[in-house]
Amino acid sequence: MSASSCERAQKRTARLLVQLAPQAASSGGAGHARGRSLPLLREALARVDLESLLADGEHVAAGGAGSFDSADEAGSSSGGTVGAVNVAEWVAGAGSWTAVSGAVAVSQARIDAFSAVTLDPQWIHGAEAGLAGSPYGTPIAHGFLVLSLLSPLAASTLPPIKGMGMGINYGLNRVRFVAPTRVGAAVHASVALAAVKRINGGGIESVLDVSLVSSDPAVGDKPVVVAQWLVRHYP
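Residues numbered from 1 in each chain as written. Predicted model: local features only at pLDDT ≥ 70, side-chain atom pairs only at ≥ 80, totals over all residues. Heavy atoms only, no water.

*Asks:* Summarise the overall build of the protein; cite the residues concerned and give the values.
*Replies:* The helix and strand inventory of the protein stands at 7 helices and 6 strands. The N-to-C order of helical and strand elements in the protein reads α-α-α-β-α-β-α-α-α-β-β-β-β. Burial status across the protein gives 41% buried among its 235 residues. Pairs at least 24 residues apart make up 71% of the contacts formed inside the protein by residues separated by at least 6 positions. Total accessible area computed for the protein in this model is approximately 11,700 Å², and 54% of it derives from carbon and sulfur atoms. (Helix = DSSP H or I, 4+ residues; strand = E, 2+ residues; numbered from the N terminus. Buried < 20%, exposed > 50% of the residue type's maximum accessible area, 1.4 Å probe, protein only. Contact = heavy atoms within 4.5 Å. Areas by Shrake-Rupley, 256 points an atom, 1.4 Å probe, with all protein chains shown as cover.)

*Asks:* A description of the nonpolar core should follow, citing residues and the corresponding values.
*Replies:* In terms of nonpolar packing, the biggest core is built from 36 residues, with Trp-90, Trp-97, Leu-208, Val-210 and Leu-212 touching the most fellow members. Sorting the residues of this core by element identifies helix 4 (87-92), strand 2 (98-105), helix 5 (108-117), helix 6 (143-148), helix 7 (150-155), strand 4 (186-199), strand 5 (203-214) and strand 6 (225-234) as the ones contributing at least two each. When residues of this core are assigned to their parent elements, the largest contribution, 5 residues, is made by strand 4. (Core = buried A, V, L, I, M, F, W, Y, C linked by side-chain atoms within 4.5 Å.)

*Asks:* I'd love a proper account of the packing of aromatic side chains, names of residues and values included.
*Replies:* Inspection of the entire model under this criterion finds 2 aromatic pairs. Centre to centre, the rings of Trp-90 and Trp-97 are 5.1 Å apart; their planes meet at 70°, and the pair counts as edge-to-face. The buried category is assigned to Trp-90, whose relative accessible area is 1%. Considering the side-chain rings of Phe-144 and Phe-177, the 5.6 Å spacing of their centres and the 85° angle between planes classify their relative orientation as edge-to-face. Residue Phe-144 is found in helix 6, and its partner Phe-177 is found in strand 3 (residues 166-177); the two are separated by 33 residues along the sequence. Its guanidinium or amino end placed over the ring of Tyr-170, Arg-232 lies 3.7 Å from that ring's centre, counting from NZ or CZ. (Phe/Tyr/Trp six-rings, centres within 6.5 Å; stacked < 30°, edge-to-face > 60°. Lys NZ or Arg CZ within 6 Å of the ring centre and 35° of its normal.)

*Asks:* I'd like a rundown of the pattern of salt bridges, residues and numbers included.
*Replies:* If you walk through the whole model with that rule in mind, you get 3 salt bridges. One salt bridge connects Glu-205 with Lys-197, and the closest N-O pair in it is separated by 4.0 Å. Overall, the relative accessible area of 7% leaves Glu-205 in the buried class. For Arg-232, the salt bridge goes to Glu-205, with nearest N and O atoms at 2.7 Å. With a gap of 27 residues between them, Arg-232 in strand 6 and Glu-205 in strand 5 connect regions that are remote in the sequence. (Salt bridge = Lys/Arg side-chain N within 4 Å of Asp/Glu carboxyl O.)

*Asks:* Describe unusual backbone geometry, and please don't skip the residues or the numbers.
*Replies:* The phi dihedral of Leu-119 is positive, around 60°, even though this residue is not glycine. Structurally, the position occupied by Leu-119 is in the loop between helix 5 and helix 6. Using a relative accessible area of 34% as the deciding quantity, one classes Leu-119 as partly exposed.

*Asks:* So, the environment of Val-146: which residues are in play, and what are the values?
*Replies:* Structurally, Val-146 can be placed in helix 6. For Val-146, a relative accessible area of 2% translates into the label buried. Counting along the chain gives 40 residues from Val-146 to Val-106, while the straight-line C-alpha distance between them is 8.3 Å. Ignoring sequence-local partners within four residues, the contact set of Val-146 consists of Ala-141, Thr-181, Leu-212, Val-224 and Val-225.

*Asks:* Before we move on, could you go through the pairing of strand 4 and cite the residues and values that matter?
*Replies:* Summarising the sheet, strand 2 and strand 4 pair through 6 bridges and their orientation is antiparallel. Its bridge partner being in strand 4, Val-104 is matched across the sheet by Val-187. Connecting strand 4 to the next strand, strand 5, in antiparallel fashion are 3 residues, including Gly-201 with a positive phi near 85°. (Pairing = 2+ DSSP bridges.)

Listed below in C-alpha cells is the structure:
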C-alpha cells in the first residue's frame with residue numbers, strides 16, 4: 001500500500017470517528033451504557049492499524065478450485081478442477097460440486113476495524129482481553145466478522161458461469177456460530193453446492209453449504225461457523 005493511499009485511508013477513518021462518535025453517544029440504552037460505549041468506540045478506532053489491515057487483506061491465499069465428484073458431472077475427472085461452466089453444467093453439479101478456499105488471517109487490526117465500523121467494541125474483542133480475564137484467554141473475533149468472511153472466501157471458489165454477468169448475495173437460510181475464532185487464526189471455507197434452481201429474469205439461484213474452519217488447534221476439526229448461503233446470478 002502506498003504512503004499516499006495509507007494517508008487517505010487514515011483521513012477517512014478520522015472522519016469516520018467524527019461521524020460515529022455522536023451516534024454511539026446518542027444511541028438507545030441507559031446513560032451508563034452510553035457512557036461506556038463512546039470511549040470504547042474511540043479506543044477501537046484509535047487501535048485500527050490501516051496499513052497492516054489493508055496489507056493483510058490484499059489477497060486470499062490460494063485455495064483449490066471447485067471440483068465435481070465424478071467424471072459424469074460437467075465432464076470433469078474425479079477430484080479435478082473446473083474453469084468456467086455453463087448453466088446446465090452448474091445445475092448438474094448440485095450435490096457433487098465441492099471446493100476449499102484459501103485462507104484469511106483474523107488479525108487484531110481486522111478485529112479492531114470491525115469493532116469500530118459496527119459500533120461493537122465489546123472488551124472480549126480488544127487486544128487486552130486475555131489480561132482482562134476473558135474466558136477465551138485471548139481476544140476473539142466477532143461472530144459477524146467471521147460470517148462476513150463467508151462472502152469473499154466462498155465466492156472465490158465459485159467458477160465463472162457462462163452467460164451470467166452479476167452475482168447477488170440473496171441471504172442465509174441458516175447460520176450457527178459453533179466455536180470462537182481467536183485472534184491470529186486463519187479461516188478458510190469448505191463449500192458444497194447443495195442445489196440450483198432457475199429463477200425469473202434468466203437467472204439461477206445456488207444453495208451453498210459452507211463451513212468456515214479455523215487454523216486454531218484449540219478448536220480442532222470443528223468449524224467455527226456453519227451456514228447455508230443463497231447466491232443468485234443474472235445475465
